[in-house]
Amino acid sequence: MSGVQQPAAVVAEGVDMDFGTGAAMAVKDAGFALGRGRFLTILGPSGSGKTTLLRMIAGFQTPTRGQILIGGKPADAVAPHRRSVGMVFQKLALFPHMTVAQNVAFPLKMRRFNPAEIAGRVERYLELVRLGGFGARRIHELSGGQQQRVAIARALVFEPELLLLDEPLAALDRKLREEMQLEFRRIQKELGVTTINVTHDQREALVVSDEIIVMDQGQIQQHAAPAEMYRRPANPFVAHFIGVSSFLKGRRSAAGIEVNGIDCAGQAVADLAPGVACLGAIRAEQIRIAPAGAPLPGCDTVVQGQVTDIVFEGERLLCFVTLPALAAEVQIYHHDPAGLDQLAKGASVSVGWTAGDLLIFAADKG
Amino acid sequence: MSEPGPKQDFRYPLHWRLMDGVERLADIVWPRSMARHTGWLFIAPALLLVGLLVLGLVQIADSSLRVLDTATFLPSEDWSLTNYEKALGTKVYLTVAWRSVSAAALTTVLTLILAFAYAYALVRVRKAWIRKALLITLFLPFFIGQVVRAYGWLIILGNSGMVNEALGLIGVAPMRLLFNYGAVIFGLVQYMLPFAVLLLVPALTAIPEETETAAGSLGASWPRIFWHVLLPMAKPGLIGAGLVVFTLTLTDFAVPAMLGGGSQDFIANAIYDQFFRTADQGLGAALALMLVAAGSILVGLVFMVFGAGTLAMGGRK
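Residues numbered from 1 in each chain as written. Chains lettered and ligands numbered in written order. Predicted model: local features only at pLDDT ≥ 70, side-chain atom pairs only at ≥ 80, totals over all residues. Heavy atoms only, no water.

Draft legend 1. Seen up close, the sheet that holds strand E11 (residues 245–252) of chain A. Residues and elements named next belong to chain A. Strand order in the open sheet formed by six strands is E13-E12-E11-E15-E21-E14, and the pairing between neighbours is mixed. The two strands at the open ends of the sheet, each matched to only one other strand, are strand E13 (262–265) and strand E14 (267–268). Of the pairings in the sheet, the one linking strand E15 (residues 277–283) to strand E21 (residues 359–362) comprises four bridges and is antiparallel in character. Paired with Ala-281 across the two strands is Leu-359, which belongs to E21. (Pairing = 2+ DSSP bridges. Helix = DSSP H or I, 4+ residues; strand = E, 2+ residues; numbered from the N terminus.)

Draft legend 2. Looking closely at the pairing of strand E6 (residues 85–88) of chain A. All names here are of chain A. The alternating pattern of E6 places Val-85 and Met-87 on one face and Gly-86 and Val-88 on the opposite face, and all of these are buried. Here four bridges tie E6 to strand E7 (residues 162–166), and the two strands are oriented parallel to one another. Residue pairing in the sheet places Val-88 in a bridge with Leu-165 of E7. (Buried < 20%, exposed > 50% of the residue type's maximum accessible area, 1.4 Å probe, protein only.)

Draft legend 3. Seen up close, the pattern of salt bridges. Counting across every chain of the model gives 22 salt bridges over all chains. In this structure, the salt-bridge partner of Glu-183 of chain A is Arg-186 of chain A, at a minimum N-O distance of 2.7 Å. In this pair, Glu-183 of chain A and Arg-186 of chain A both sit in helix H5 (residues 174–191), three residues apart, roughly one turn of the helix. Asp-62 of chain B is paired through a salt bridge with Arg-66 of chain B; the nearest N and O atoms lie 3.0 Å apart. Several salt bridges share partner residues, and in doing so they unite Arg-130, Arg-149, Glu-179, Glu-183, Arg-186 and Glu-190 of chain A into one network. (Salt bridge = Lys/Arg side-chain N within 4 Å of Asp/Glu carboxyl O.)

Draft legend 4. Looking closely at a nonpolar patch on the surface. Together, Leu-135, Ile-136, Phe-139, Leu-140, Phe-142, Phe-143, Ile-144, Val-148 and Leu-198 of chain B make up an exposed nonpolar region whose accessible area comes to about 820 Å². Per-element tally for the nonpolar patch: the top contributor is helix H5 (residues 128–139) of chain B, with three residues. (Patch = residues over 30% accessible without salt bridge, like charges linked within 9 Å, V, L, I, M, F, W, Y side chains within 5 Å. Areas by Shrake-Rupley, 256 points an atom, 1.4 Å probe, with all protein chains shown as cover.)

Draft legend 5. Here's a closer look at unusual backbone geometry. Although it is not a glycine, Arg-130 of chain A sits at a positive phi angle of roughly 65°. By the element assignment, Arg-130 of chain A lies in the loop between helix H3 (115–128) and helix H4 (144–156). The exposure class assigned to Arg-130 of chain A is exposed, which follows from its relative accessible area of 52%. Although it is not a glycine, Ala-279 of chain B sits at a positive phi angle of roughly 55°. You can see Ala-279 of chain B is positioned in the loop between helix H13 (267–276) and helix H14 (281–306). Taking relative accessible area as the criterion, Ala-279 of chain B reaches 34% and is therefore assigned partly exposed.

Draft legend 6. Fine view of the interface of chain B and chain A. With 17 residues of chain B at the contact, the number on the chain A side is 26 residues. At the boundary of chain B with chain A, total buried surface from both sides reaches about 1,700 Å², with 66% on carbon and sulfur atoms. Summed over the three residues of chain B that lose the most area to chain A, namely Glu-210, Ser-217 and Leu-218 of chain B, the buried surface amounts to 38% of that side. Scanning the region where chain B abuts chain A turns up zero salt bridges. In this assembly, chain B and chain A are joined by four residue pairs in polar contact (both at pLDDT 80 or more). Counted by class, the side of chain B that touches chain A contains seven nonpolar, seven polar and three charged residues. (Contact = heavy atoms within 4.5 Å. Buried area = accessible area lost by both parts, 1.4 Å probe. Polar contact = N/O pair within 3.5 Å; in protein donor to acceptor, adjacent residues only side chain to side chain. Nonpolar A, V, L, I, M, F, W, Y, C, P; charged D, E, K, R; others polar.)

Written out as structure tokens, the structure is:
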């Protein structure tokens, strides 16, 4: 952390959170640095500590160890209402007894902005979230998506250094959620405000973020850009959590991994001594499938299998295939828009992959 | 040889058969064709009760218009407004009325302040045992009647009561803590507090804690969160609780009688005196009707201004 030239927008150093309930620590030794204007998503399953980490950045909770710096200054002693942090809450927490404009004006009044410029600023931010002219409405007169927009405008109107999003999209239906994801992205790019988003939706993380942190059991598993995170997961947990992956248990071999006595081509993410127990992970779209006996050109490993189930997902098929030789089952995305391949339940098939697509991890994690 | 189908000796459980019997009986007493009128059936007992009350009010109205003949001690045959003129024209009754109204207002304000803090603690406290202790403390007074509690205060606050004894230990001369306005207000607030808390708790439960957290993150300090968010959002509960406390206090009898010691009479005490001491039923009835009118007008006004949904805690008009 010492090599940062200009102060990063947010830095966490060795942050622990122990609620003292006797259970495991909510957050363990979390450390990261986030540059100005970046959009970071903290991704993890429920109970992974992601919301606790966010609440510590917001100042609602104080780390039991370590420190958080906002704009280069330690934030621990600063009360939430004195931090320059705007937050959009999971349940939005709009004020039902105020109009839309009064909701958006609230932080300006509380932070003693010049009363003469409040009305204009409120209208500007309502236009930013495409709610121009809605100022006089009551909160309960708005749709779910419009309420989201009010919450965003209210969190941004006082131009905070940092915007925090605590799973605000979790309750929306899928169409609206995807629309709001793009909206978050547009607004964030337009204002250039440093943003930290918390979600358990891997698709949302990939779509909106510049950087992703994956958390599990209170610990940061990986911190990387979305594409890197997807292509180079640091451990089996990340490989499992982002995208659809299949796993093969075996031992390290020269070519890759030896599974059930068969050598499979793969690529180790770290130095692993030959013979150690390891886990191969491969993404559903990186396995190729063809009718039994048909050639699979370019594949380094080809094995025979049987289709146990096929799920039609519209633009693609999700095939469940057992590989008796490897004593494993894999999931395969197959693009077959015209339905020519005539894959059916019970059909014998050949599946294959290239060495670079099967990632090999030490078997102790995940 | 076994027959397919239900066994011969199968019987439905007893409570099923009982319910079937009740249903059959209900079909005879209240046939299905009457289903449209079932609503009336349900409110019939309430209508009966209200009807009796109205009858009683009519009777009181009748006697309020008859003047007591001091020679025969019988009410007059013909109607007049003499009792009302007397009630409005006598300084004692105006003093009593003013004392009742002002004490009700003061008690309401003090009770709401204390009850809000108590209810807020009850709703927001995290430790389960503290919440239980607060709830038990809240309900305990309900098991002890108002008269018994007032009597308890007589013992505690009396000239040689616990408080004066304790003060005596540090050299303070005994004080007259009872039979004054302050003692009555004290007793009333203590009596009304549980009612107010019970009415405020649902209103405060309806305010998500996240709303307060959000207000904080938007730059509001604690007093400002209270003033701009908590208080407006709790308004329906505050109005409901205030209304209940005000009307109960306005019509209270036991606390002013016992802790006021006859020097702090409320309207209810004056009415009691007319009925049971001077036996002037007409004047007592006139005072009672004026009290009913004052209370009704107040409730009507509150509903007109804030909406009848106020007591339903819905937060909407």
